[in-house]
Amino acid sequence: MFDPKFLEDFGAKMSALLANSPVKDIEKNTKALVSGAFSRLDLVTREEFDVQAKVLARAREQLKALETRVAALEKTPASVPQ
């Protein structure tokens, strides 16, 4: 179908052409605008999300272990001195 080299060359030529045109300024301004809009939203980075996902997974594991432990303690008869 298409030669990958042809597509790479075409992309490089288009990038060079756009680098010297007002389109580059528009792209830069658009990126700044989008970046500003995202910064006003309450978003987190992927890294922060992954860290929190690991923290949550660990908390779930601990909760499951504690639930198992409480269930075992509830099954044993309490020895209450009178």
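As shown above, the structure is provided for reference.
Okay, so let's go over this structure. Residue numbering note: each chain is counted from 1, following its sequence as written. Thresholds applied to this predicted model are a pLDDT of at least 70 for local features of residues and 80 or more for the giving and counting of side-chain atom pairs; totals over whole chains, interfaces and linings are not thresholded and use all residues. The side-chain figures draw on all heavy atoms in the structure; neither hydrogens nor water molecules are used.

**Comments concerning the overall build of the protein chain**
Let me state the cut-off plainly: Each helix corresponds to a stretch of at least 4 residues labelled H or I by DSSP, and each strand to a stretch of at least 2 residues labelled E; elements are numbered beginning at the N terminus. Relative accessibility under 20% of the residue-type maximum defines a buried residue, over 50% an exposed one, and the middle range a partly exposed one, all with a 1.4 Å probe and only protein chains included. Here, Shrake-Rupley sampling with a 1.4 Å probe gives the accessible areas, and only protein chains in the shown set may cover a residue.
Secondary structure summary: the protein chain contains 3 helices and 0 strands in total. Helices and strands in the protein chain line up, N terminus first, as α-α-α. Counting the 82 residues in the protein chain, one finds 0% classified as buried. In the form shown here, the protein chain has an accessible surface area of approximately 8,200 Å², with 63% of it arising from carbon and sulfur atoms.

**Here's the deal with a nonpolar patch on the surface**
Rules: Each patch groups residues whose relative accessible area exceeds 30% and which form no salt bridge, using 9 Å between like charges and 5 Å between nonpolar side chains of Val, Leu, Ile, Met, Phe, Trp and Tyr. In what follows, salt bridge is the name for a side-chain nitrogen of Lys or Arg lying within 4 Å of a carboxyl oxygen of Asp or Glu.
The grouping of Phe6, Leu7, Phe10, Met14 and Leu17 at the surface amounts to a nonpolar patch, some 500 Å² of accessible area in total. Within the element layout of this structure, phenylalanine 6 appears in helix H1 (residues 4-19). Its relative accessible area of 46% is what places phenylalanine 6 among the partly exposed residues.

Read these as spatial facts, not as claims about activity.
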